[in-house]
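The lines below spell out each chain.
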Amino acid sequence: MTNVRNDWTRQEIEALYNQPFLDLVFEAQRIHREHFDPNTIQVSTLLSIKTGKCPEDCKYCSQSARYDSKLEAEKRIAVDKVIQEAKEALAAGSSRFCMGAAWRNPHERDMPYVLEMVSEVKALGLETCMTLGMLNQSQAERLNSAGLDYYNHNLDTSREYYANIITTRTFDDRLNTLDFVRQAGMKVCSGGIVGLGESQQDRVGLLHELATLAIHPESVPINMLVPIEGTPLAEVEKLEVTEWIRTIAVARIIMPKSYIRLSAGRESLSDSDQALAFMAGANSLFSGEKLLTTPNAGEGRDKQLFDKLGLIAEKAKPNVKQLSVDAMAS
Ligand code: SAM
Ligand code: DTB
Ligand code: SF4
């Protein structure tokens, strides 16, 4: 059985990344089978609970107020509507419901809204995940007490390339939020994006940062840039799919117990490319017609894919966390 290591060197990761493609995918699949059922995929559904007008300057993002992406901004959506969407996600076979907001960080006045949402979605029997930007310690603790299972906050790219992509928050700000999430007792969902115009060294650097966290993120989304008209990265050269799959395969090898998520960009992949990504150890994805603001593969296409490949969607895990009424009231 492969040991879980947190002391990977960059050189080791680079050597894994650069080996012949088939050797890499074979090794990833071998390790995958030690830790997971190879035919089971964890399925999550995403919902944007507050869309657009974000003050941050992430150069890939449709939701930044700084670029003219033609996205129509929306106010916070009502909790009732969120619950309705969560019920539909459950009925469609999702085990986790991820709620995202275009915030730099949640404002205190938003906390009762998100806490109520967490406990109501959790009460449906779904795992809960949120991505709301940076958190402070107290916000992380309250989200945990309300029953939030996962918090998504990506490192996005290597430390070296980071300032080319985002200038309004630092790489260390992101690590701090991940620390608060972990200390509060939630599971960490953290990964990045490929295809931002970064080098292979940067993809290795991102993987190195993730795999040397004191505890590996339980969930590692590997997004491929979805180019958005009006953003600074709209015209960036498309990355080869094999580079995305290499990134997934290395993530599987160096974080053997984590769920590796074939994330944004999946809509542009053929069924056989997706099969290759599963072969490389991806075992989680977002289903549904939409991600946050861009189109996704859709349940119909996913059902066909699952049937074709004999894949099974993982069942929702039993509700282990206690809901705290105190957290709701504060
Ligand atoms: N505002 C919060 C934040 O940035 O932490 C949460 C939402 S944000 C949209 C979540 C993640 O989605 C980003 O960190 C990025 O990795 C990914 N993402 C956003 N836009 C993308 C795009 N156009 N293509 C691929 N991934 C994207
Ligand atoms: C993640 O890593 N990818 C998801 C989720 N976490 C929140 C978001 C993808 C967003 C893709 C672009 C959009 O739909 O706006
Ligand atoms: Fe805002 Fe998140 Fe988009 Fe950055 S990625 S602009 S923080 S919504």
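Residues numbered from 1 in each chain as written. Chains lettered and ligands numbered in written order. Predicted model: local features only at pLDDT ≥ 70, side-chain atom pairs only at ≥ 80, totals over all residues. Heavy atoms only, no water.

- With an unreviewed UniProt entry as reference, the protein is termed Biotin synthase, source organism Acinetobacter albensis.
- UniProt's Pathway (unreviewed entry) comment on the protein is quoted here verbatim: "Cofactor biosynthesis; biotin biosynthesis; biotin from 7,8-diaminononanoate: step 2/2."
- In the Function (unreviewed entry) part of its UniProt record, the protein is described as follows: "Catalyzes the conversion of dethiobiotin (DTB) to biotin by the insertion of a sulfur atom into dethiobiotin via a radical-based mechanism." (UniProt positions renumbered as here; feature names shortened; annotations may be inferred.)

## Section: the layout of surface pockets
Phase 1 of the analysis: Roughly 480 Å³ of internal volume is contained in the largest pocket.
Phase 2 of the analysis: What lines the largest pocket is a set of 22 residues, and nearest its centre among them are Leu46, Leu47, Glu85, Lys290 and Leu291.
Phase 3 of the analysis: Among the elements of the structure, β1 (40-50) and α3 (79-91) are those that each provide at least two residues to the lining of the largest pocket.
Phase 4 of the analysis: Among the residues making up the lining of the largest pocket, the classes are represented as eight nonpolar, six polar and eight charged. (1 Å grid on protein atoms, 1.4 Å probe; cavity = no way out; pocket = protein on both sides within 12 Å on 5 of 7 lines; lining within 4 Å. Points joined across faces, edges and corners; volume = space filled by probe spheres on them. Helix = DSSP H or I, 4+ residues; strand = E, 2+ residues; numbered from the N terminus. Nonpolar A, V, L, I, M, F, W, Y, C, P; charged D, E, K, R; others polar.)

## A word on the side chain of Thr51
Phase 1 of the analysis: Within the secondary structure layout, Thr51 lies in the loop between β1 and α3.
Phase 2 of the analysis: Thr51 gets classed as buried once you look at its relative accessible area, which sits at 6%.
Phase 3 of the analysis: Within the structure, Thr51 has its side chain in polar contact with the side chain of Ser48 (distance 2.7 Å).
Phase 4 of the analysis: In contact with Thr51, other than residues within four places in its own chain, are Gln63, Leu71, Glu72, Ala73, Glu74, Ala102 and Thr293. (Buried < 20%, exposed > 50% of the residue type's maximum accessible area, 1.4 Å probe, protein only. Polar contact = N/O pair within 3.5 Å; in protein donor to acceptor, adjacent residues only side chain to side chain. Contact = heavy atoms within 4.5 Å.)

## Details of the site of ligand 2
Phase 1 of the analysis: Around ligand 2, 14 residues are found, and the nearest of them are Asn154, Asn223, Leu292, Thr293 and Thr294.
Phase 2 of the analysis: Residue Thr294 places a side-chain N or O atom 2.8 Å away from an oxygen atom belonging to ligand 2.
Phase 3 of the analysis: For ligand 2, the protein covers 86% of the area, taking 410 Å² as the surface of the free molecule.
Phase 4 of the analysis: The cavity where ligand 2 resides is the largest cavity. (Near = heavy atom within 4 Å. Areas by Shrake-Rupley, 256 points an atom, 1.4 Å probe, with all protein chains shown as cover. Sits in = over half its atoms within 2 Å of the grid points.)

## Details of the pairing of strand β2 (residues 96-101)
The side chains of a regular strand alternate between both faces of the sheet.
Phase 1 of the analysis: Taking burial as the measure, the six residues of β2 include six buried ones, the bulk of the element.
Phase 2 of the analysis: Here β1 runs beside β2; their pairing, made up of six bridges, is parallel. Opposite Thr45, over in β2, you have Phe97 as the bridge partner.
Phase 3 of the analysis: Handedness of the crossover joining β1 and β2 through α3 is recorded here as right-handed.
Phase 4 of the analysis: With five bridges joining them, β2 and strand β3 (residues 127-131) adopt parallel strand pairing. Residue Met99 lies in a different strand from β3, and its bridge partner there is Met130.
Phase 5 of the analysis: Each parallel crossover has a hand, and the one from β2 via helix α4 (residues 111-123) to β3 is right-handed. (Pairing = 2+ DSSP bridges. Right-handed = clockwise from strand over helix to strand, strands pointing away.)

## A closer look at the nonpolar core
Phase 1 of the analysis: Core analysis: the largest hydrophobic core is formed by 89 residues, its most contacted members being Ile49, Met130 and Leu143.
Phase 2 of the analysis: Sort the elements by how many residues they give to this core and helix α8 (residues 241-254) lands first, with nine residues.
Phase 3 of the analysis: What Met130 contacts, discounting residues up to four positions off in sequence, is Met99, Val114, Met117, Val118, Leu143, Leu148, Tyr150, Tyr151 and Asn152. (Core = buried A, V, L, I, M, F, W, Y, C linked by side-chain atoms within 4.5 Å.)

## Focus on the state of the cysteines
Phase 1 of the analysis: Considering all chains together, one arrives at zero disulfides under this definition.
Phase 2 of the analysis: Considering cysteine sulfurs only, Cys98 is the nearest to Cys129, which forms no disulfide, with 3.8 Å between them. (Disulfide = S-S within 2.5 Å.)

## What to know about the site of ligand 1
Phase 1 of the analysis: Lining the immediate environment of ligand 1, one finds 17 residues, of which Tyr60, Thr131, Asn154, Asp156 and Val226 sit closest.
Phase 2 of the analysis: One nitrogen or oxygen atom from the main chain of Ala101 is found 3.3 Å from a nitrogen atom belonging to ligand 1.
Phase 3 of the analysis: Within the side chain of Asp156, an N or O atom sits 2.8 Å from an oxygen atom of ligand 1.
Phase 4 of the analysis: Coverage of ligand 1 by the protein amounts to 89% of the 560 Å² it exposes when considered alone.
Phase 5 of the analysis: Of the residues in the shell around ligand 1, the class split is 10 nonpolar, five polar and two charged.

## Considerations on the UniProt feature "domain: Radical SAM core" (unreviewed entry) in the protein
Phase 1 of the analysis: Mapped onto this numbering, the UniProt entry gives "domain: Radical SAM core" (unreviewed entry) at residues 39-257.
Phase 2 of the analysis: Regarding residues 39-257, the helix share stands at 35% and the strand share at 17%, and the terminal C-alpha atoms are separated by 16 Å.

## Some details on the environment of Ala184
Phase 1 of the analysis: When you line up the elements, Ala184 lands in helix α6 (residues 171-184).
Phase 2 of the analysis: With 34 residues separating them in the primary sequence, Ala184 and Glu218 have C-alpha atoms 15 Å apart.
Phase 3 of the analysis: Excluding its chain neighbours within four sequence positions, the residues that come into contact with Ala184 are Ala140, Glu141 and Asn144.

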